[in-house]
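# Observations on the model geometry
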Amino acid sequence: MLTVDFDRLGIGPGMRVIDVGCGAGRHSFEAYRRGADIVAFDQDEAELAGVATMFGAMADVGEAPASAQAQAVAGDALALPYPDGHFDVVIASEILEHVPADDAAIDELVRVLRPGGLLAVTVPRWLPERLCWLLSDDYHANEGGHVRIYRADALRDKITARGLACTHTHHAHALHSPYWWLKCAVGVENNEHPAVTAYHRLLVWDMMSAPLATRVAETALNPLIGKSVALYFRKPAAPGTDGAS
């Protein structure tokens, strides 16, 4: 289940991409499939072990081009171990809401992006997230949980203040918002509640089958209750260049 639109980013062979806060690796795997040289970056070494294993499995079955390279790297998003302008594309999906020092994290995302490169940031959308916070303290008040709720325009302004231009915004995963409202209402750890298990089966079926009816429904509902908001930015090209790789 991707939140970032890879076609919009134009990710393909030979591009250098970093997925900061990659978690279980869903966006990293897609970049690898498309032939990019991908760094899956996270502080959770246990998660990264699984990501590295999946990279190896993808290579073994030819699911990624032989020319593509994939690394799972553990580290701190506030101190990315890469030089300025190293990556063509930087992805930070569902991470900034977890980071107390989000301005420092944004500085690092911008720093490692090359001039002319693209940055994709996604965070939980304000309204669905606000309802989750109202329904349950356990949803966010835990170690590593969400420390803030963003308004999309405020996050956009944080990033454009660093010289990047916002090129597009969209919402995603509307069908997931009611699921999380339900979990918050019955208890976020109560995974055996009949309504939760039924809705979870629906979501799994939707992700595996992608039926036309639910795709149309989610597209229509995304502007209203999309669980995530995705923002895309371009870093200005260096003077005298066209910004191409």
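An unreviewed UniProt entry lists the chain under the name SAM-dependent methyltransferase, with Mycolicibacterium insubricum given as the organism.

For the rest of this paragraph, the subject is helix α5 (residues 126–135). Among the residues of α5, Pro 128, Glu 129, Cys 132 and Trp 133 are the ones counted as buried. Projection of α5 onto a plane perpendicular to its axis shows the buried side chains occupying an angular sector of 140 degrees, all on one side.

This next bit is on the packing of helix α4 (residues 102–111) against helix α6 (residues 152–160). Interaxial distance between α4 and α6 falls to 10 Å at its minimum, and their mutual angle equals 55 degrees. Accordingly, the angle class assigned to the pair α4 and α6 is oblique. Crossing hand, α4 versus α6: right-handed. Contacts between α4 and α6 involve Asp 102, Asp 103 and Ile 106 on the former and, on the latter, Leu 155, Lys 158 and Ile 159. For the contact of α4 with α6, the residue count by class is three nonpolar, no polar and three charged.

Among the nonpolar cores identified, the biggest contains 30 residues, and Val 20, Tyr 82, Val 90, Leu 119 and Leu 155 are the most heavily contacted of them. In this view, Leu 119 contacts Val 90, Leu 109, Leu 113, Ile 159, Leu 164, Leu 231, Tyr 232 and Phe 233; residues no more than four positions away in its chain are not counted. Counting residues in each nonpolar core, the second largest holds 25 residues, with Leu 9, Cys 22, Tyr 32 and Ile 91 among its members.

The volume enclosed by the largest pocket comes to roughly 1,400 Å³. Taken together, 49 residues form the lining of the largest pocket, with Glu 94, Glu 97, His 98, Gly 144 and His 146 sitting closest to its centre. Only β1 (16–20), α2 (26–33), β2 (37–42), α7 (176–186) and α8 (194–209) provide two or more residues apiece to the lining of the largest pocket. Class assignment of the residues belonging to the lining of the largest pocket gives a composition of 19 nonpolar, 17 polar and 13 charged. Broken down by secondary-structure element, the contributors of at least two residues to the lining of the second largest pocket are β6 (165–172), α8 and α9 (212–225). The element best represented in the lining of the second largest pocket is α9, accounting for four residues. Considered class by class, the residues forming the lining of the second largest pocket number six nonpolar, six polar and four charged.

Calculation criteria
- Residues numbered from 1 in each chain as written.
- Predicted model: local features only at pLDDT ≥ 70, side-chain atom pairs only at ≥ 80, totals over all residues.
- Heavy atoms only, no water.
- Buried < 20%, exposed > 50% of the residue type's maximum accessible area, 1.4 Å probe, protein only.
- Helix = DSSP H or I, 4+ residues; strand = E, 2+ residues; numbered from the N terminus.
- Arc of directions from axis to C-beta.
- Axes fitted to C-alpha atoms, helices over the stretch in contact; angles between N-to-C directions.
- Parallel < 35°, antiparallel > 145°, perpendicular 65-115°, else oblique.
- Left-handed = near helix turned anticlockwise from the far one by under 90°.
- Contact = heavy atoms within 4.5 Å.
- Nonpolar A, V, L, I, M, F, W, Y, C, P; charged D, E, K, R; others polar.
- Core = buried A, V, L, I, M, F, W, Y, C linked by side-chain atoms within 4.5 Å.
- 1 Å grid on protein atoms, 1.4 Å probe; cavity = no way out; pocket = protein on both sides within 12 Å on 5 of 7 lines; lining within 4 Å.
- Points joined across faces, edges and corners; volume = space filled by probe spheres on them.

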